[in-house]
Amino acid sequence: MSSNDNALMKKEVIKNIGIDLGTTNTVVSYIDEESNICNLKIGTSETIPSVVFFNSKDEIYFGNKALQRCRKNSQSVIKLFKRTIGNPREAFTVKFNNENDDEGADTYYVLDTNCLIDQPDIFALFDAESTIILPITVTQELLFRAEQPETKYSAEKALKNIDEKDKYNINIVFEESDTSLLPKDFFKGFQSETINDENDNKVLSIALKFKEKNPILISSDNKLKLKAATCQISAMSLKDFRLDNLSKNNKDNKIVLSSEDVTALFLRYIKREALDSLKCDNLNAVITVPANFTNIETEATKRAAIEAGFNKIHIEKEPIAAAIAYSIDSNSNKNILVYDFGGGTFDVAIVKYNKEKNEFDILGVDGNPKLGGQDFTDELVKYILEILEDENDIVLHDIEESNLDEAEYLADRSIIEAEAERVKKSLSYVNEETIELVNLFTPSGTSFNKRIPITREEFNSIVGDIAREPNEALINTLKESNLLTEDIDIVIMSGGTSLMPLVRDKVQNFFGKIPFSDKNPATLIANGAAIIASTHFSEEDKQKAMCPIRRTKTVTDFGIATDDYDFDCIIPAGTQLPVSEKKKYYLIKDGQNTIEIKIYSRKKKRTDTKVYRLDFVDLVTLSNIPYLKKQDVEINVNFELTEEYELKVSADIVNTNGEVIESNRIIINRESTK
């Protein structure tokens, strides 16, 4: 056998890891060959700051290296991206110095109006050499979309950006459509049946007007992109265009990224470091998310992990991972309360462990996805700013009052924020500290130093209101689980903020018992994820059978919009996953080709009945419905939420006798996956 044959027969080495993807810090764990739980070190640290820094479009730093460069240019750094993942209204704009860009040629883009709905700030993505061509009817279309609850916010924001288009350093042109430019036999292949089809044709005709300029049509409508290809017009999806901004010249030295984009970049970095450290070809990953993450946030996290290139991915709830890390050697059943206070999110969950069944069941959850250690840091920053203003007449609350230029103001804020974070952590171990502010810029042009002594008691007073907030979540979780404080066998503290004595003392006072602290709360969740990964991804039946059974619940009501924009709940909060429910739909008219279903979620304990007050999840379109009489059939749509909180939709056409007459005929498209 030749050496080439040996190379071909070499089996790909794939290892399993657990990732606690934290808001402020990320930890990666794995099981070594001696069955020990190990934490991956990048450099000398087991905790990796969840930070991304853009030195240029081609030079991106992550983790500690990114954190070290924050003072260099705070506008080039992205933090806390986990807090907004899955939210299409939120985006990060980073600016960087890029002196090596060559002058680029003018590029023409034609935008489908839906691009302005999906990303209202899309103009910020283009460089100075771009010409953006919009349908002359775009304002009218957006005004119509502003009346629809699910697109109201995006449409209004897009209209505002069009009104303020002069602030963007790009050329924006409004053009009238001319469908006579479409090929004569065009409609034979794409029979126009809906208003949407007609609008597509109008947008495409505008692109044809500029065909000699080689325009790029941006649309996430697959049918429109196919039509464009038929007419030899270049087309790309909005997602591909956003990602393309990472590698193309950007004359404004600016990139706009969604939280999902940043998460994908960061996870790609984690994967690269883990591959190098573990000496393998690919990785399977269990990635944890907060107990209160909705299916929107969960799916966005998984999409980012897929984009990062992991071999196999499983999404797990953080309290389950924490409970498994503590119960792996347990010999008895337990009610475990997981108090997870991280850098940017706070969760309380009660997990019931059944030793005989090797089963972990979440009984109740509560918390605040916008509360974390960062809020303690922010309160200390406010305290520092007040002292600087009162004692030294230095105003840094906002840039206008500071009388500094932008670079100086941002540098001062960066110094203060970094020092506040350091002192906050230090006061978990010492009773006194000194806030050291060195080389602050002043309006007079001189540098300024300031030393502010602070005790742990003073710090506790500053952040007291924040520290009291979690008590309500403890009460709610016990109530949902039908348990009393004395029913809790173990209290587990996880997350970096749980290291603060103030936080630990409040939990101890609430339960009248000392929380378990023999394991590091900062690495606990990643350790549990690694244990799950070692059995979940195992190819050995015996090892796979040892994988604990994990049961979680829906944390929101899940339903659809009726014709009157009322919320029709299909799967209520607190339902055990996986779950599936059917909904019957009826044709409005004979020969109806398409049905649109708008899906929403409602936070538990809320009673709103109108969908425009709720969170929009997705638009599901059922198309390719064969010609049928409306009185002869019904469409049965099955909504499934998997164990990982992913949404799956399927549909059947059923006759009046309940018999399935069309299977796998209907085409199902989800707006979020385009």
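Let me sum up the structure you'll find in this document. All values reported here derive from a predicted model rather than from experimental measurement. (Residues numbered from 1 in each chain as written. Predicted model: local features only at pLDDT ≥ 70, side-chain atom pairs only at ≥ 80, totals over all residues. Heavy atoms only, no water.)

### Focus: the sheet that holds strand β32 (residues 667-670)
- The strand order across the open sheet built from 5 strands is β25-β24-β27-β28-β32, with neighbouring strands paired in antiparallel fashion. The sheet terminates laterally at β25 (567-571) and β32, the two strands that pair on one side only. Pairwise comparison of adjacent strand axes, ignoring direction, gives a mean angle of 30° for this sheet.
- Here 7 bridges tie strand β27 (residues 595-603) to strand β28 (residues 615-623), and the two strands are oriented antiparallel to one another. Across the sheet, residue Lys598 finds its bridge partner in β28, namely Leu619.
- On the sheet, helix α11 (residues 295-308) packs against β24 (556-561), β27, β28 and β32 and is oriented at approximately 70° with respect to β28. (Pairing = 2+ DSSP bridges. Helix = DSSP H or I, 4+ residues; strand = E, 2+ residues; numbered from the N terminus. Axes fitted to C-alpha atoms, helices over the stretch in contact; angles between N-to-C directions. Contact = heavy atoms within 4.5 Å.)

### Considerations on a nonpolar patch on the surface
- Together, Tyr429, Val430 and Leu499 make up a nonpolar patch on the protein surface, roughly 280 Å² of accessible area in all.
- For Val430, a relative accessible area of 33% translates into the label partly exposed. (Patch = residues over 30% accessible without salt bridge, like charges linked within 9 Å, V, L, I, M, F, W, Y side chains within 5 Å. Areas by Shrake-Rupley, 256 points an atom, 1.4 Å probe, with all protein chains shown as cover. Salt bridge = Lys/Arg side-chain N within 4 Å of Asp/Glu carboxyl O. Buried < 20%, exposed > 50% of the residue type's maximum accessible area, 1.4 Å probe, protein only.)

### A word on the pattern of salt bridges
- All told, the structure shown has 28 salt bridges when counted by the stated rule.
- A salt bridge links Glu156 to Lys152; its shortest N-O distance comes to 2.8 Å. You can see Glu156 and its partner Lys152 sitting in helix α5 (residues 152-163), 4 residues apart, about one turn around the helix.
- According to the relative accessible area criterion, Glu156 is partly exposed, its value standing at 40%.
- Between Glu433 and Arg422 there is a salt bridge, with the nearest N and O atoms lying 3.1 Å from each other. Within this pair, whereas Glu433 is found in strand β20 (residues 432-441), its partner Arg422 is found in helix α15 (residues 406-426), the two being separated by 11 residues in sequence.
- Residue Glu433 is classed as buried on the basis of its relative accessible area of 17%.
- Salt bridges sharing partners connect three or more residues here, namely Lys302, Glu644 and Glu646.

### With respect to the sheet that holds strand β5 (residues 52-54)
- One open sheet accounts for 3 strands, arranged β6-β5-β7; its pairing is antiparallel. This sheet does not close on itself; its edge strands, each paired only once, are β6 (60-62) and β7 (77-78).
- With 3 bridges connecting them, β5 and β6 associate as antiparallel partners. In the strand pairing of β6, Phe53 is matched with Tyr61.
- Against the sheet, helix α10 (residues 259-278) makes contact with β5, β6 and β7, and its axis sits at roughly 70° relative to β6, the strand it touches most.

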